[in-house]
Amino acid sequence: MSAEPPSKGHGRTGGHDVVRPFVMTGGRTRADRRDLRIETMLTAVPGATTSGLSAEQVKLLRLCQAPISIAEASAELGLVIGVTTILAADLVSEGRLEVHQTDPVEIELDVLSRMIDAVRAL
Amino acid sequence: MTIKHDDRPAGDAWKPRIRPVKFVVAGGFGAGKTTFVGALSEIPPLRTEAAMTTVGARVDHRRGSEAKTTTTVAMDFGRLTVDEYLVMYLFGTPGQERFGFMWDDICTHALGAVVLVDTDRLDQSFPAVDYFEAKDIPFVVAVNRFEGTTRHDLGAVRDALGVSPNVPMTECDARHTESAKQVLLLLLDELVNAARARAAATVV
């Protein structure tokens with residue numbers, strides 16, 4: 001299941017190139033982790049190495065030096081959401097990425113207040 | 001004797017949790033979703049594409065060629081940073097109804113939703129209203145006032161959409177930040193009420 005990084009085709013190909021992303025994910029079309037959603041934020045675990053990673057995973061890990069959502073990372077990498085999610089899932093299971101998210105049922109009043117203040121200040 | 005107000009371990013690198021929160025902006029094609037997102041976002045709306053999920057559920061690995069029948073749908077989203085640890089994301093749903101199966105991917109764990117309504121194409125708002133009601137996602141309805149469109153009484157729009165009386169409804173002009181702000185604040189008020197109700201229910 002070694003997803004060889006493609007030697008060409010760099011740049012923002014978006015979802016139009018279908019074969020390349022399929023190769024990047026080692027043929028997988030769905031991440032094993034179902035908790036990675038479009039708004040899920042990722043951060044690189046301090047000290048995480050890039051050894052053994054594909055070119056796209058290295059790029060993703062670099063983007064995650066500061067917290068970034070899967071949607072933003074996808075836009076940045078020019079990859080469809082599903083591919084980014086699969087790449088991220090591998091990095092999470094290898095302990096290189098940390099996952100941050102919010103369960104709506106546990107949202108506290110003070111968090112809502114902070115959002116209201118921010119929106120009012122726009 | 002002093003009372004400590006927090007329980008952060010002394011000397012440890014204690015940090016608040018990083019929390020992304022997601023809001024969904026739905027509505028029919030041309031209802032103004034991207035305009036609305038752009039009016040509130042601190043960055044020009046970003047576009048990303050979703051595709052693999054549509055293929056994923058249906059791919060037969062023994063017939064690899066099937067994997068190439070991919071369609072992509074574009075999704076625009078914006079961002080509003082509250083502080084270092086709290087970020088609001090606004091996702092516009094793809095307008096086409098035929099991508100309804102993607103909605104779960106977009107909407108799962110959304111804090112709330114805005115349904116933008118173009119009164120000239122009222123029927124295009126039905127799927128969104130039905131979806132958020134079925135999934136119990138708090139939402140508000142905002143009638144986007146375009147110049148030259150027929151004005152309708154909000155009560156009439158509510159009746160036509162079949163939206164229950166407890167769902168907040170308002171008018172807006174999605175092009176203007178001030179107007180879009182009011183819609184988002186209406187939704188946030190709704191969420192505050194829901195959070196208070198939850199808190200009251202747990203204190204028995």
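Residues numbered from 1 in each chain as written. Chains lettered and ligands numbered in written order. Predicted model: local features only at pLDDT ≥ 70, side-chain atom pairs only at ≥ 80, totals over all residues. Heavy atoms only, no water.

**Q** Explain the overall build of chain A here, please?
**A** The helix and strand tally for chain A stands at five helices and three strands. Mapped from its N terminus to its C terminus, chain A presents α and β elements in the order α-β-α-β-α-α-β-α. In chain A, buried positions account for 52% of the 122 residues. Within chain A, contacts between residues separated by at least 24 positions form 69% of all contacts whose residues are at least 6 apart in sequence. (Helix = DSSP H or I, 4+ residues; strand = E, 2+ residues; numbered from the N terminus. Buried < 20%, exposed > 50% of the residue type's maximum accessible area, 1.4 Å probe, protein only. Contact = heavy atoms within 4.5 Å.)

**Q** Would you take a moment to explain the pattern of salt bridges for this structure?
**A** Any two side chains of opposite charge can pair if their charged atoms end up close together. Scanning the model with the defined rule gives 16 salt bridges over all chains in all. Between D110(A) and R114(A) there is a salt bridge, with its nearest N and O atoms 3.8 Å apart. Of this pair, D110(A) and R114(A) both sit in helix α5 (residues 109-120), separated by four residues, roughly a single helical turn. A cluster of three or more residues bridged by salt bridges with shared partners is formed by E106(A), E108(A), R17(B) and R19(B). (Salt bridge = Lys/Arg side-chain N within 4 Å of Asp/Glu carboxyl O.)

**Q** Can you walk me through the sheet that holds strand β1 (residues 41-44) of chain A in this structure?
**A** Sheet strands associate in pairs through backbone hydrogen bonding, adopting either a parallel or an antiparallel arrangement. All names here are of chain A. The three strands lie next to each other as β2-β1-β3, forming an open sheet whose pairing is antiparallel. Two strands bound the open sheet, and with one partner strand each, they are β2 (68-69) and β3 (97-100). Sheet analysis places β1 next to β2, joined by two bridges and oriented antiparallel. The partner of M41 across the bridge, within β2, is S69. (Pairing = 2+ DSSP bridges.)

**Q** Hey, could you run me through the interface of chain B and chain A in this one?
**A** Where interface size is quoted, it is often the accessible area lost as the parts come together. Facing the 51 residues of chain B at the interface are 47 residues of chain A. For the chain B and chain A pair, buried surface summed over both sides reaches about 4300 Å², with 69% attributable to carbon and sulfur atoms. Linking chain B to chain A there are six salt bridges. Across the pair E106(A) and R17(B) runs a salt bridge, and its minimum N-O distance is 3.2 Å. Across the chain B-chain A interface, the total number found is 15 residue pairs in polar contact (both at pLDDT 80 or more). (Buried area = accessible area lost by both parts, 1.4 Å probe. Polar contact = N/O pair within 3.5 Å; in protein donor to acceptor, adjacent residues only side chain to side chain.)

**Q** So what exactly am I meant to see when it comes to the packing of aromatic side chains here?
**A** The relation between two aromatic rings is expressed through the spacing of the ring centres and the mutual angle of the planes. Residue and element names in this part refer to chain B. Across all of its chains, the model carries six aromatic pairs over all chains by this definition. Each ring, one from F77 and one from F91, has its centre 5.1 Å from the other, and the planes form 25°; the classification is stacked. On the criterion of sequence distance, the pair formed by F77 in strand β3 (residues 73-83) and F91 in strand β4 (residues 86-92) is long-range, its members being 14 residues apart. The residues F77 and F91 share a single accessibility class, namely buried. On the numbers, 5.9 Å between centres and 35° between planes, the contact of W103 with F132 is tilted. Residue W103 is located in helix α3 (residues 103-107), and its partner F132 is located in helix α4 (residues 126-135); the two are separated by 29 residues in the primary sequence. When its relative accessible area of 9% is taken as the criterion, W103 is described as buried. (Phe/Tyr/Trp six-rings, centres within 6.5 Å; stacked < 30°, edge-to-face > 60°.)

**Q** In this structure, what is going on with the nonpolar core? I would like to understand it.
**A** Buried together is how nonpolar side chains tend to be arranged in soluble globular proteins. Within the largest apolar cluster, 61 residues are counted, with the highest numbers of intra-cluster contacts made by L97(A), F132(B) and V141(B). The element contributing the most residues to this core is helix α4 (residues 81-93) of chain A, with eight residues. Other than its neighbours up to four places away in sequence, F132(B) contacts V24(B), A26(B), W103(B), C107(B), A113(B), V115(B), I137(B) and F139(B). Grouped together as the second largest cluster of nonpolar side chains are 36 residues, V119(A), F23(B), V114(B) and L191(B) included. (Core = buried A, V, L, I, M, F, W, Y, C linked by side-chain atoms within 4.5 Å.)

Keep in mind these values describe shape, not function.
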